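# Secondary and tertiary structure notes
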Amino acid sequence: ILAFSSFRKDEPVISTNSGKEEMIAHSVNVARKASIPSVSSNISNRTPVTPTPLHPAEPSDLRFNRLRPSIEKSDCKYTRYFGRYVAREAIMDEEYWIAAWLRAEDHYEDQSGDRYVESFKRKFASQEFHALKKRCGRQVGEKYTCFVAVKNDDVTRTVVNSVVGTVDLCVRHPLHGETYPAEPGNTPFYSRIYQPDQPKFGYLTNVCVAKYARRQGIASNMLLLAIDAARLDGAESIYIHVHKDNLPARRLYDHVGFKMVDMDGARQSSDLCLLSFNS
């Protein structure tokens, strides 16, 4: 798992923790405590609430006691079943919130000893939640989709107890003057004019998996679903950035089918390298 730009993560760091399938994710517990400090941990005693948003003017439909819908009722265009999980596009505010919280947890994973880290994570997740919904709702010029991996079993669960991973996909034409997707957080100036005569490409970011659910093929299956979705949306190439020293993530991407992009042999001074998917 890794972070790019202010709220984007797109390299998973593979954990050695196997975890237990039925345990409640620590990340979800923290998210609930941070978002709903006055609500009991007993699901049956909860009432519909909305965490304090960073931008009060932006409404949401967050209800942390909402039960997970069945896969059949989800009405998803893209779905991939694997093991005890299913990957699909996010359709509910609670799924967007947990996707944002997973990114916040990873962003501050190395600062767990900071006394203010929970407040930082809360602010980060709130900003990313609103930004993510806005990106997915704005489909002019580019199509942005958030995919989530959720538990697929017969146990009655809330939505926030079901999400274990997330990845984002953007499909668009290149901008004027753009050859490859720019490194997150280091985007050069381009006029916001798309080149419709150039083939579309897909760009993947924010690959995140809950700590307790890693090493179960969740990241690779989410990536494969996003790649299929990008192809169906007309993308001829799919790209992702990765830190050069993140060997677990590079092994994952290599296993899925991503290879290093040779940008005319240019030497890259950044810590990031660009990969493209080879079908």
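Residues numbered from 1 in each chain as written. Predicted model: local features only at pLDDT ≥ 70, side-chain atom pairs only at ≥ 80, totals over all residues. Heavy atoms only, no water.

Where an unreviewed UniProt entry is consulted, the protein chain appears under the name N-acetyltransferase domain-containing protein, with the organism given as Aegilops tauschii subsp. strangulata.

This next bit is on the overall build of the protein chain. Looking only at helices and strands, one finds 5 helices and 8 strands in the protein chain. When its helices and strands are written in sequence order, the protein chain yields α-β-β-α-α-β-β-β-α-β-α-β-β. Per-residue burial for the protein chain yields a buried fraction of 52% across its 279 residues. Long-range contacts, defined as pairs at least 24 residues apart, comprise 70% of the intrachain contacts of the protein chain with a sequence gap of at least 6. (Helix = DSSP H or I, 4+ residues; strand = E, 2+ residues; numbered from the N terminus. Buried < 20%, exposed > 50% of the residue type's maximum accessible area, 1.4 Å probe, protein only. Contact = heavy atoms within 4.5 Å.)

Okay, the sheet that holds strand 7 (residues 258-260) next. Pairing is mixed in the open sheet, where 8 strands are placed in the order 1-2-3-4-5-6-8-7. Looking at which strands have only one partner, the edges of the open sheet turn out to be strand 1 (79-82) and strand 7. Going from strand to strand, the sheet's axes swing by 25° on average, the running direction of each strand aside. Of the pairings in the sheet, the one linking strand 6 (residues 235-243) to strand 8 (residues 272-277) comprises 5 bridges and is antiparallel in character. Bridge pairing in strand 8 places His243 opposite Leu272. Against the sheet, helix 5 (residues 247-256) makes contact with strand 5 (200-209), strand 6, strand 7 and strand 8, and its axis sits at roughly 160° relative to strand 6, the strand it touches most. (Pairing = 2+ DSSP bridges. Axes fitted to C-alpha atoms, helices over the stretch in contact; angles between N-to-C directions.)

Another point: the pairing of strand 4 (residues 163-172). Of all the 10 residues making up strand 4, 10 are buried; the element is thus mostly covered by neighbouring parts of the structure. As paired strands, strand 3 (residues 142-151) and strand 4 are joined by 9 bridges and run antiparallel to one another. Each residue of the ladder has a partner; that of Thr145, found in strand 4, is Leu169.

Here Ser220 lies in helix 4 (residues 218-232). Here the side chain of Ser220 touches Gly217 through a polar contact of 3.1 Å, landing on its backbone oxygen. (Polar contact = N/O pair within 3.5 Å; in protein donor to acceptor, adjacent residues only side chain to side chain.)

Turning our attention to the packing of aromatic side chains. Per the counting criterion, the structure on display carries 12 aromatic pairs. Taking the centre distance of 6.2 Å and the plane angle of 85° together, the rings of Phe64 and Trp97 count as edge-to-face. Highlighted residues: Phe64 in the loop between helix 1 (26-35) and strand 1 and Trp97 in helix 2 (residues 93-107), separated in sequence by 33 residues. Note on accessibility: Phe64 and Trp97 belong to one class, buried. Among the aromatic residues, those joined into a cluster by ring pairs are Phe64, Trp97, Trp101 and Phe129. (Phe/Tyr/Trp six-rings, centres within 6.5 Å; stacked < 30°, edge-to-face > 60°.)

Okay, the state of the cysteines next. On inspection of all chains with the given rule, the structure shows 0 disulfides. This cysteine, Cys136, is not joined by any disulfide, and Cys146 carries the nearest cysteine sulfur, 5.5 Å off. Residue Cys170 stays outside any disulfide, its sulfur separated by 9.9 Å from that of Cys136, the closest cysteine. (Disulfide = S-S within 2.5 Å.)

Attention shifts here to unusual backbone geometry. Despite not being glycine, Asn206 has its phi angle at roughly 60°, a positive value. With respect to the helices and strands, Asn206 occurs in strand 5. With a relative accessible area of 0%, Asn206 lands in the buried category. Of note, Arg215 is a non-glycine position whose phi angle comes to about 65°, a positive value. Relative to the helices and strands, Arg215 is located in the loop between strand 5 and helix 4.

The next thing to look at is the nonpolar core. The biggest cluster of nonpolar side chains holds 65 residues, and the ones touching the most others in it are Leu204, Ile218, Leu223, Tyr253 and Phe258. In terms of residues, this core owes the most to one element, helix 4, which gives 9 residues. Not counting residues within four places of it along the chain, the set of residues in contact with Leu223 comprises Val167, Leu204, Val207, Ile240, Leu252, Tyr253 and Val256. Among the nonpolar cores identified, the runner-up in size contains 5 residues, and Phe201, Tyr203, Tyr239 and Val261 belong to it. (Core = buried A, V, L, I, M, F, W, Y, C linked by side-chain atoms within 4.5 Å.)

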